[in-house]
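Here's the letter readout for the chains.
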Amino acid sequence: MSRIGKKPIDIPAGVTVDVTSHNEVTVKGPKGSLSRDVNPDITVKVEGNQVVVDRPTESKRHKSLHGLYRSLINNMVIGVSEGYKKELELVGVGYKASNQGQVLELALGYSHNIFFALPDTISLKTETPKGKNPLVTLEGIDKELVGQVAAKIKSLRKVEPYKGKGVRFVGEQIRRKAGKTAGKK
């Protein structure tokens, strides 16, 4: 049995989980609601204040789907109750971040500024503390979407290994390389 799949999901107070007849799971909580279609082979049951995910056979495909859907439903429950947050840091001379509503404007050392439109379900905050690197904070209830948007912003200027310039997550460790050494004289 899948170790992740067989673990029941605890439903916190204020969160409701509904499973429709055609295997659509809807999770509602204080921060909003999320829904996802589950593969027809996998059964999802709400028992008391827990969600249990079961699989029909021990085939490789069913084993992998079992753990996958258990994790996805757990992420939905955490998202509607607590939410997800990603913080990005812009390291480099002249790198700036500002926002007008849901449009993020980035100056990342290119000849032009980059305008990045964010989905409505994600809240955006930019700040530039004095003497520190600019920060971009993304918050939302959908873990997949928050991570995808953060990865897209990060890919606009990847961190280079020599000076460490670029967009990185706060607290992320970068593997640094030694530069060229002066030739022998």
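A quick note: this is a predicted structure, and the numbers were derived from the prediction, not measured.

This brings us to the side chain of Arg168. Mapped onto the elements, Arg168 comes out in strand S13 (residues 166–169). Of the side chains with opposite charge, Glu89 comes closest to the buried, unpaired Arg168, at an N-O distance of 4.8 Å. Within the local environment of Arg168, its side chain forms a polar contact with the backbone oxygen of Gly164, the two atoms lying 2.7 Å apart. The residues touching Arg168, leaving out its near neighbours within four places in the chain, are Glu87, Leu88, Glu89, Val91, Lys154, Val159 and Ile174.

Further remarks concern the sheet that holds strand S6 (residues 50–54). Read across the sheet, three strands follow the order S1-S6-S5 without closing on themselves; strand pairing throughout is antiparallel. The sheet is open, and its two borders are formed by strand S1 (9–10) and strand S5 (43–47), each paired with just one other strand. Note: S1 against S6, two bridges, orientation antiparallel. By the bridge assignment for S6, Ile9 is matched with Val51.

Before going further, it helps to spend a moment on the pattern of salt bridges. Taken as a whole and judged by the stated rule, the model has six salt bridges. When the shortest N-O distance is used, the salt bridge between Arg61 and Asp41 registers 3.1 Å. Taken as a pair, Arg61 in helix H1 (residues 60–81) and Asp41 in the loop between strand S4 (32–37) and S5 lie far apart in primary sequence, 20 residues in all.

Quick look at the domain arrangement of the protein now. Domains assigned within the protein are domain 1 (4–82) and domain 2 (84–169). One C-alpha centre belongs to domain 1, the other to domain 2, and the line joining them spans 32 Å. Each partner contributes residues to the interface: domain 1 has 10 residues there, and domain 2 has five residues. Together domain 1 and domain 2 conceal approximately 550 Å² of surface at their shared face, both sides included; 55% is due to carbon and sulfur atoms. On the domain 1 side of the contact with domain 2, Leu34, Asn75 and Gly79 bury the most area, a combined 57% of that side's loss. Our count for the domain 1 to domain 2 interface comes out at one salt bridge. The residue Arg36 makes a salt bridge to Glu144 at a minimum N-O spacing of 3.1 Å. Run the count over domain 1 and domain 2 and you get two residue pairs in polar contact (both at pLDDT 80 or more). Elements represented by at least two residues in the side of domain 1 that touches domain 2 include exactly S4 and H1.

Rules of the game
- Residues numbered from 1 in each chain as written.
- Predicted model: local features only at pLDDT ≥ 70, side-chain atom pairs only at ≥ 80, totals over all residues.
- Heavy atoms only, no water.
- Helix = DSSP H or I, 4+ residues; strand = E, 2+ residues; numbered from the N terminus.
- Buried < 20%, exposed > 50% of the residue type's maximum accessible area, 1.4 Å probe, protein only.
- Lys, Arg positive; Asp, Glu negative; His and termini not counted.
- Salt bridge = Lys/Arg side-chain N within 4 Å of Asp/Glu carboxyl O.
- Polar contact = N/O pair within 3.5 Å; in protein donor to acceptor, adjacent residues only side chain to side chain.
- Contact = heavy atoms within 4.5 Å.
- Pairing = 2+ DSSP bridges.
- Domains from an automatic or database assignment.
- Buried area = accessible area lost by both parts, 1.4 Å probe.

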